[in-house]
Amino acid sequence: MSSKSFNRLRTVFAHVLLIFLSLLCLFFFYILIINATHSHAELQKGFYALPGTSFLKNFNSVANNGEFPMMRGVLNSLIVSGSCAAICTYFSALTAYGIYAYDFKLKKVAFTFIMMILVMPTQVTAMGFLRLITKMGMYDSLLPLIIPSIASPAVFYFMYSYLESSLPLSLVEAARIDGSWEFRTFNQIVLPIMKPAMAVQAIFTFVGSWNNYFVPALVIQSKDKMTVPILIALLRGADYMNRDMGKIYMMILVAIVPIILVYLLLSKYIIAGVTLGGVKG
């Protein structure tokens, strides 16, 4: 077999494999949408490949359910996730710029300390965090879900790697010589360069905060302040006689719509940000 034929065969095989994997991933979304259109009684009978007629009924049950305020939960999740994405990306970029652009005695110590925090699981500090926010009067509020996002070692490291590969220090020095204030330099010169990296991390932070269950379940008690994952868990944990599978599937469908929209709108930045944000060899 010639090399040309082999390359063509390899290309065809790669495309077939990618199409198969794509269909496999989309299959679960398709089943979710199909199940959200069927009633609980229909879902008890077995698997359905075609849509049902209970979509609006299930949606109205979710939207008007006072016991599980799903729409309020979506709003809470949007507030928390949007705030976390904005705060995390800006302050992580600011911290990365400070360590990258300045030379000081404890520079390596500060970088190592941040990296050490990166490997510390959230569960290890959960009880101390809970006691702290209780003493500060922030228990059962959305603030403990937003404020800690200011310090994100993983996002900081990504931003630092991006700056190493994309920001020449001569540009910063030129701005300083021209008399630019440091925050003005960062906001007007550095941030535009870091747009791809910030867009990527904003997506990942938004999705991570949206799907976060552990911390909200730890600090939120009032149903009007609960986020989407907690409400879904509560509904799924209801007793068997009161469980409505059609409503559960509809709640899950409503919960993933904002994530899908974020990916569709900003997915082009993922490839650009990862490519440009790679560590320079």
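Summary of the structure given here. Since the structure is predicted, the reported quantities are computational estimates derived from the model, not experimental observations.

Overview of helix H14 (residues 245–266)
Link 1 in the chain: Taking 1.5 Å per residue as the helical rise, H14 with its 22 residues ought to reach 32 Å, and the 32 Å between its terminal C-alpha atoms agrees with that figure.
Link 2 in the chain: Helix geometry: H14 is bent most strongly at Ile256, by close to 25°, with proline Pro258 lying one to four residues after it.
Link 3 in the chain: For H14, the set of buried residues is Gly246, Lys247, Ile248, Met250, Met251, Leu253, Val254, Ala255, Ile256, Pro258, Ile259 and Val262.

A short note on the environment of Ala255
Link 1 in the chain: Relative to the assigned elements, Ala255 resides in helix H14.
Link 2 in the chain: With relative accessibility at 6%, the residue Ala255 sits in the buried group.
Link 3 in the chain: Remark: the alpha-carbon pair of Ala255 and Val228, spanning 27 residues in sequence, is separated by 6.5 Å.
Link 4 in the chain: Apart from residues lying up to four places away in sequence, Ala255 is in contact with Met70, Trp210, Val228 and Ile232.

Regarding the packing of helix H9 (residues 169–177) against helix H10 (residues 182–193)
Link 1 in the chain: H10 packs onto H9 with a crossing angle of 145° between their chain directions and a minimal axis gap of 10 Å. Seen from above, H9 lies across H10 with right-handed handedness. In this structure, H9 uses Leu171, Ala175 and Arg176 to contact H10, whose residues at the interface are Glu182, Thr185, Ile189 and Ile193.
Link 2 in the chain: Class assignment for the residues of the contact of H9 with H10 results in four nonpolar, one polar and two charged.

Some thoughts on the pattern of salt bridges
Link 1 in the chain: Taken as a whole and assessed by the stated rule, the structure comprises three salt bridges.
Link 2 in the chain: The closest approach of N and O atoms between Arg176 and Glu173, which form a salt bridge, is 3.2 Å. Pair noted here: Arg176 and Glu173 are both in helix H9, with a separation of three residues, about one helical turn.
Link 3 in the chain: On the accessibility criterion, Arg176 (24% relative accessible area) is partly exposed.
Link 4 in the chain: Residue Arg176 pairs with Glu182 through a salt bridge whose shortest N-O separation is 3.1 Å.
Link 5 in the chain: The network of salt bridges with common partners includes Glu173, Arg176 and Glu182.

Here we look at the nonpolar core
Link 1 in the chain: One finds Met70, Leu145, Trp210, Ile220, Val228 and Met251 to be the most contacted residues of the largest nonpolar core, which totals 37 residues.
Link 2 in the chain: Put simply, the parts of the chain that give this core at least two residues each are helix H1 (3–36), helix H4 (70–101), helix H6 (126–135), helix H7 (143–146), helix H11 (195–211), helix H12 (214–219), helix H13 (228–236) and H14.
Link 3 in the chain: Apart from the residues lying within four places of it in its own chain, the contact partners of Trp210 are Val74, Ser77, Leu78, Ser81, Val228, Pro229, Ala255, Pro258 and Ile259.
Link 4 in the chain: Core analysis: the second largest hydrophobic core is formed by 25 residues, Tyr162, Leu163, Phe186 and Met198 among them.

Looking at the environment of Ala85
Link 1 in the chain: Here Ala85 shows up in helix H4.
Link 2 in the chain: Among the residues examined, Ala85 registers a relative accessible area of 8% and is labelled buried.
Link 3 in the chain: C-alpha separation for the pair Ala85 and Leu26, spaced 59 residues apart in sequence, amounts to 27 Å.
Link 4 in the chain: In this view, Ala85 contacts Ala202, Thr205 and Phe206; residues no more than four positions away in its chain are not counted.

Thresholds, definitions, all that
- Residues numbered from 1 in each chain as written.
- Predicted model: local features only at pLDDT ≥ 70, side-chain atom pairs only at ≥ 80, totals over all residues.
- Heavy atoms only, no water.
- Helix = DSSP H or I, 4+ residues; strand = E, 2+ residues; numbered from the N terminus.
- Expected span 1.5 Å × (residues − 1).
- Bend = angle between axes of the 7 residues up to and from the residue.
- Buried < 20%, exposed > 50% of the residue type's maximum accessible area, 1.4 Å probe, protein only.
- Contact = heavy atoms within 4.5 Å.
- Axes fitted to C-alpha atoms, helices over the stretch in contact; angles between N-to-C directions.
- Left-handed = near helix turned anticlockwise from the far one by under 90°.
- Nonpolar A, V, L, I, M, F, W, Y, C, P; charged D, E, K, R; others polar.
- Salt bridge = Lys/Arg side-chain N within 4 Å of Asp/Glu carboxyl O.
- Core = buried A, V, L, I, M, F, W, Y, C linked by side-chain atoms within 4.5 Å.

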